[in-house]
Amino acid sequence: MLKDISIIGAPSDLGQGRRGVDMGPSAIRYAGIVERLRALDYDVEDLGDIKVDLAGKDQGGDGHLKNLKEVTATNTRLESSVADIISNKRFPLVLGGDHSIAIGTLAGVSRHYQNLGVIWYDAHGDLNTAETSPSGNIHGMPLAVSLGLGHPDLTNIGGQTAKIKPENVVIIGARALDDGEKELIREKGVRVYTMHDIDRNGMTSTIQDAMAYLSEKTDGVHLSLDLDGLDPQDAPGVGTPVNGGISYRETHLAMEMLAESDIITSAEFVEVNPILDDKNKTASVAVALVGSLFGEKLL
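Here the residue index of a chain counts from 1 through its sequence in written order. Selection of residues for local features in this predicted model requires a pLDDT of at least 70, selection of side-chain atom pairs for listing and counting requires 80 or more, and totals for whole chains, interfaces and linings are taken over all residues. Computation of side-chain values: all heavy atoms of the structure, hydrogens and water removed.

Student: What's the story with the pairing of strand 7 (residues 220-226) in this structure? I'm lost.
Tutor: On a regular strand, each side chain points to the face opposite its neighbour's, so the side chains alternate between the two faces of the sheet. Throughout this description, buried means an accessible area under 20% of the type-specific maximum (1.4 Å probe, protein chains only), exposed means over 50%, and partly exposed covers the range between. Here a helix means four or more residues in a row that DSSP labels H or I, a strand means two or more in a row labelled E, and each is numbered from the N terminus. Burial runs high along strand 7: seven of the seven residues are buried. Here strand 7 shows two buried faces, one formed by Gly220, His222, Ser224 and Asp226 and the other by Val221, Leu223 and Leu225. In this scheme, strands are said to pair when DSSP sees at least two bridges between them. As defined by bridge partners, strand 7 adjoins strand 8 (residues 264-270) across six bridges and the pair is classed as parallel. Following the sheet pairing, histidine 222 is matched in strand 8 by serine 266.

Student: What's the story with the UniProt feature "binding site: Mn(2+) 2" (unreviewed entry) in the chain in this structure? I'm lost.
Tutor: According to UniProt, the "binding site: Mn(2+) 2" (unreviewed entry) feature falls on His124 and Asp126. Summarising the element assignment, histidine 124 is placed in the loop between strand 4 (116-121) and helix 5 (142-146). For histidine 124, a relative accessible area of 16% translates into the label buried. Only heavy atoms enter the contact rule, under which two residues are in contact if any of them lie within 4.5 Å. Aside from chain neighbours lying at most four places away, what touches histidine 124 is Ile171, Ala176, Leu177, Asp228, Thr240 and Val242. Looking at the secondary structure, you find aspartate 126 in the loop between strand 4 and helix 5. The class of aspartate 126 is buried, set by a relative accessible area of 4%. Residues contacting aspartate 126, with those up to four places away along its chain left out, are His99, Trp120, His139, Gly140, Met141, Pro142, Leu143, Ala144 and Glu181. UniProt positions are given in the numbering used here, feature names are shortened, and annotations may be inferred rather than shown by experiment.

Student: When you look at the sheet that holds strand 8 in this model, what are you seeing that I'm missing?
Tutor: Pairing between the strands of a sheet comes from backbone hydrogen bonds, and it takes one of two forms, parallel or antiparallel. The eight strands lie next to each other as 2-1-3-8-7-4-5-6, forming an open sheet whose pairing is parallel. In this open sheet, the two strands that pair with only one neighbour each are strand 2 (43-49) and strand 6 (191-194). Across this sheet, the average inter-strand angle for adjacent strands is 15°, counted without regard to direction. Working convention: axes come from line fits to C-alpha atoms, limited for helices to the stretch in contact. Angles between N-to-C directions cover 0 to 180 degrees. Strands strand 4, strand 7 and strand 8 of the sheet are contacted by helix 10 (residues 248-261), whose axis makes an angle of about 165° with strand 4.

Student: I would appreciate a short explanation of the pairing of strand 4 in the present structure.
Tutor: The buried count for strand 4 comes to six of six residues, which makes it a mostly enclosed element. Taking every second residue as pointing to the same face, both faces of strand 4 are buried, with Leu116, Val118 and Trp120 on one and Gly117, Ile119 and Tyr121 on the other. As paired elements, strand 4 and strand 7 share six bridges and run parallel to each other. Its bridge partner being in strand 7, valine 118 is matched across the sheet by histidine 222.

Structure (structure tokens):
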């Protein structure tokens, strides 16, 4: 990993229906992310937050994409900022905000790679489109958009359609997939490690397999970690919790293994909602996981 890190916040709650996740970047900063990374001898600059438009009168619904105009504008700004960070030879660490911000992150990162790999650490697939989404919430669509599937306003952010290839994606921790997502996974051949796989084979085997699968064919790997990938007992402050998730300790192990592999070239941590949290517990979990991802060890 690069020793120079640029943190940028994307305080958007436009991609989903529950307020509060826009305060996620502030909560993560309050939990000490800058201090944690500097203690590991990284050069850290905090670029602050990108501008996020307020939601307009047309909230969508009934199959429409909610806040499409505002989500597009937010992700366009984020795409430019992330691309500039990489151009300056720094590691982009994005703090969300709901998971719709991954559209901008991946668009910006993909400018610099020919075969970008993605680890999608999440309870959900986020592979819906307007046609398959039960809610119209765009935070359930960023992975599909990044594959070039969805509304052109979203897929064309960054000037090209598909930012990543389906064979370069692994989803870890899935346990809540809509029917349309399941069909797309089968059609595109996206590799998914469900909770059944993790329970049966263990996190060590899961991460080893995922790293071997990606490292042989990618020139960079982006980590997109949704805190709802963890079990709600460990990360209660998320908008769409799903019981039966990955444990805190298993996730630390995953981050430690990724740090040892040295394959992660960009990352984002999303969906921290302090309104639903318990004494900023989930933001503190996010900071601890960032520490492990960047090489923090007990001894």
